[in-house]
Amino acid sequence: MRWIIRIFGVLIGLVVLAFAALFLLPTDRIAGLATDRFEAETGRSLAIAGPIRPQLWPALGIRAEGIEVSGAEWSDRGPLLKAEALDVAVDWGVIRGDDIRVTGVEIVRPDILLEIAPDGRANWDLGTGSTPADTGAPSTVPASAAPVIGLDGAVIRDGRIRFVDASGAVQEWTAINAQISESVQGGDIAVKLDALSNDVPVTLAAQITDLDALIGGQETGLVLRMGADATEALFDGRVSLGPTASGALSANLGPDALARAAGAGPLDLPQGLGAERISLAADLDYGVDTLSLGNLDLSLDQNRVTGNLSIELDGERPFISATLFSEALDLAALGSVEEGNEGGGRASAESPEGWSTDPIDVSALGLADADIALTANSLVLPQSAFGRTELRTRLDDRRAVTDIIDLTAYDGDVTGQFIVNGRGGLSARADLAGSAIAIARLFSDLFDYDRLISLGDMEIDVLASGPSMDALLNSMNGGGSFRFGAGELLGLDIVGALRNLDVSALRNGASTIFDEITGTFDIENGVVTNTDLNFTAPLLTATGAGEIGLGGQTLDYRFLPTLRAGGEEVTVPLHVSGSWSSPKFRLDLEYLAQKAAEEELERVQNRVEREIEDEVRRELNIQGGQSAEDALRDRLENEAGNALRNLLGR
């Protein structure tokens, strides 16, 4: 029984001591110290509207209720911080009169407002307030009173943060619970946080090597982990409040979760650009105005890109510089003619038989300037697939210039330059040269025409402007040349049509084998004009001239084929007209008759001219090879000379 009595005696003594400490604790001193020091250091007022009570449990300290920190003077949205209560724990040495040593802080239900003004000012930018040296007033805060804070008990419980950007949009985090504590690993500071952002759970864990160095503006180590539903990210490096950061960054991101957490709608990213997953690893280096990602390894769904990327933020627009490589880059899901016609491709609702009239949005060209080099061993676009691709794009104030350094396209090689200019509207220029191009596939992708089977060389230099694909093609101007090697023209049996003088020979399934097709062309307001077509085939030759409407998708072209058979030649013009989708072919016998009449008229004119000349020669008694015109001129000169001499009396 004696040991039980001794235990109770000790407990009673501890309770008496605790109650004595509760009433001896200098609450007013602590509160005054906190408010004065805060205002002196920040220039903001700290108000404590509720009571300030000492407490013994769960730690020796005080509870202040109704905490409020004033907002920026330019804001009318309310205080920077409001909290239901603030619990401050102190070391037991305060009872003996020692310096106040804060061992823990807990903020209960804080409501924090973070706001950016339209001019870029931030309400959390706490400038240094007035100090005794500034005002001349005696200090109420002894230098020795500055508390030494132990972060083993710093806690935020059930908080809320609202962020208002310069446009007035609000982003809100709720159910925030955070804890800052000293870790067991050499005094590092550990931070843990969990919250809800638009009902998406968000977690954060950080380990700071030296918090005092960080607060003092020095660089220190940081390991930071973040998670948001299907998203996780890790940074391991060094940071300062400069702000600067350098170290290894890795992330595995769920775009939908990030969008929901940010309060945005579905991102609706195309497959291949992060529709399902985005992951990256890089060496991050961040300064006040620069961000660089070295040794970048970026995966966007099935696409993987490596290289280096940097962003400069000190100009009128961000400047992006990158050198990127991809083994296989698949961008087929960016859009196609059949899926939506978002400003390009074939027909739209307004233009069922022609090009799309939907506006082409190039506003993204104004978001940044850039110099990006991309190399890929294969590149797939919505309607085209390329092999080895080496491009360099320079973007300057909404004008993008892409140099095609090396491009394996349609089994051939393409070089040149492509320009998209979004300054004051949309214009585009293409200056391209291709060799050994598979013409059927090229024309099928560009014009939905696949009947010309050949490998060809082409040069083109064109300029177009307008807000839609329809406007661009109807405004196109420029020119070029082409040479198509041996191949086949599907759907046109020119030899059969000439032999039988029957246009029905120009039927699907028929074809014409040729050796070469060459020519040049001019383009004016979307109409291609060609006058020097030269067509050679085993049984025939042909020339051609006419117009092809790129904008209107029309044909008005006449071939003049000559069939060689049995030592004789037969020429029957072939006229092609109508639309690309429904071309009309006819043997132009009227044209042939007209040409024959013109030739006969020319022969008659030549015969009459020869007869007149013979008569003049006889009249002038011209001998030898002198022409009638020269003889007449000589005779007139002689007669004029004789008349002049007679007039002068010589």
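Residues numbered from 1 in each chain as written. Predicted model: local features only at pLDDT ≥ 70, side-chain atom pairs only at ≥ 80, totals over all residues. Heavy atoms only, no water.

As a further point, take the overall build of the protein chain. A count of helical and extended segments in the protein chain gives 10 helices and 36 strands. Taking all 650 residues of the protein chain together, 34% fall into the buried category. Sequence separation of at least 24 residues holds for 45% of the intrachain contacts in the protein chain that already meet a minimum separation of 6. Accessible surface for the protein chain amounts to roughly 36,400 Å². Of this, 55% is attributable to carbon and sulfur atoms. (Helix = DSSP H or I, 4+ residues; strand = E, 2+ residues; numbered from the N terminus. Buried < 20%, exposed > 50% of the residue type's maximum accessible area, 1.4 Å probe, protein only. Contact = heavy atoms within 4.5 Å. Areas by Shrake-Rupley, 256 points an atom, 1.4 Å probe, with all protein chains shown as cover.)

It is worth spelling out the side chain of Asn 530 at this point. Inspection of the secondary structure assignment puts Asn 530 in strand S31 (residues 527–536). Here the side chain of Asn 530 touches Thr 520 through a polar contact of 2.6 Å, landing on its backbone oxygen. Not counting the four nearest positions on each side in its chain, Asn 530 is found in contact with Phe 482, Gly 519, Thr 520, Gly 544, Ala 545, Gly 546 and Tyr 557. (Polar contact = N/O pair within 3.5 Å; in protein donor to acceptor, adjacent residues only side chain to side chain.)

This brings us to the side chain of Ser 75. Residue placement: Ser 75 occurs in the loop between strand S3 (61–69) and strand S4 (81–90). Relative accessible area serves as the criterion here: at 16%, Ser 75 is assigned to the buried category. A polar side-chain atom of Ser 75 sits 3.2 Å from the main-chain amide nitrogen of Arg 77. Engagement of the side chain of Ser 75 in a polar contact is seen with the side chain of Glu 115, the distance being 2.5 Å.

The next thing to look at is the nonpolar core. In this structure, Leu 452, Phe 484, Phe 514 and Ile 517 are the most contacted members of the largest nonpolar core, which totals 75 residues. Ile 517 has contacts with Leu 452, Phe 482, Arg 483, Phe 484, Leu 533, Asn 534 and Phe 535, leaving out every residue within four places of it along the chain. In terms of nonpolar packing, the next biggest core, distinct from the first, is built from 8 residues, Ile 67, Val 69, Ala 83 and Ile 112 among them. (Core = buried A, V, L, I, M, F, W, Y, C linked by side-chain atoms within 4.5 Å.)

Another aspect to go through is the pairing of S3. Pairing of strand S1 (residues 46–48) with S3 involves 3 bridges; the strand directions are antiparallel. Within the sheet, the bridge partner assigned to Leu 46 lies in S3 and is Val 69. (Pairing = 2+ DSSP bridges.)

This part takes up the packing of aromatic side chains. Within the structure shown, the criterion is met by 8 aromatic pairs. When the centroid spacing of 6.1 Å and the interplanar angle of 85 degrees are considered together, the rings of Phe 386 and Tyr 410 count as edge-to-face. One end of the pair, Phe 386, is in strand S21 (residues 385–396); the other, Tyr 410, is in the loop between strand S22 (399–409) and strand S23 (412–421), and 24 residues separate them in sequence. Looking at Phe 386, the relative accessible area reads 15%, which means it is buried. (Phe/Tyr/Trp six-rings, centres within 6.5 Å; stacked < 30°, edge-to-face > 60°.)

A few words now on the sheet that holds strand S25 (residues 452–453). Backbone-to-backbone hydrogen bonds join strands into a sheet, with any given pair of strands oriented parallel or antiparallel. Taken together, 3 strands build an open sheet; the order of strands is S25-S28-S29 and the sheet is antiparallel. Of all strands in the sheet, those bounded by a partner on one side alone are S25 and strand S29 (511–514). Bridging between S25 and strand S28 (residues 487–490) involves 2 bridges; their strand directions are antiparallel. Looking at S28, one finds that Ile 453 is bridged to Glu 488.

Turning to the pattern of salt bridges, a few remarks are in order. A side chain with one charge may pair with a side chain of the opposite charge, provided their charged atoms come close. Counted under the stated rule, the structure contains 20 salt bridges. Residue Arg 304 pairs with Asp 297 through a salt bridge whose shortest N-O separation is 2.7 Å. Overall, the relative accessible area of 47% leaves Arg 304 in the partly exposed class. Two residues, Arg 317 and Asp 397, come together in a salt bridge whose shortest N-O distance is 3.8 Å. Placement of Arg 317 in the loop between strand S16 (303–312) and strand S17 (319–326) and of Asp 397 in the loop between S21 and S22 is noted, with a sequence separation of 80 residues between them. Residue classification places Arg 317 among the buried residues on the basis of a relative accessible area of 17%. Through salt bridges that share partners, Glu 316, Arg 317, Asp 369, Asp 397 and Arg 398 make up one connected network. (Salt bridge = Lys/Arg side-chain N within 4 Å of Asp/Glu carboxyl O.)

Buried within helix H6 (residues 439–447) are the following residues: Ile 439, Ala 440, Leu 442 and Phe 443. Taken down its axis, H6 places every buried residue within 165 degrees of arc, on the same side. Turning to H6, the residues buried within the fold contact strand S24 (427–438), S25, strand S26 (455–465) and strand S27 (477–484). Positive backbone phi, approximately 60 degrees, marks Asp 448, located one or two places after H6. (Arc of directions from axis to C-beta.)

With that settled, consider the environment of Asp 532. Looking at where Asp 532 falls in the secondary structure, it is placed in strand S31. Given a relative accessible area of 34%, Asp 532 falls into the partly exposed group. Measuring from C-alpha to C-alpha, the distance between Asp 532 and Thr 520 comes to 6.6 Å, with 12 residues separating the pair along the chain. Once residues within four sequence positions are removed from consideration, Asp 532 is found in contact with Thr 518, Gly 519, Thr 520 and Gly 544.

The phi dihedral of Asn 198 is positive, around 50 degrees, even though this residue is not glycine. One can find Asn 198 in the loop between strand S9 (189–197) and strand S10 (200–208). On the basis of relative accessible area, Asn 198 is assigned to the partly exposed category, the value being 38%. For Asp 199, which is not a glycine, the phi torsion comes out positive at approximately 70 degrees. As for its placement among the helices and strands, Asp 199 is situated in the loop between S9 and S10.

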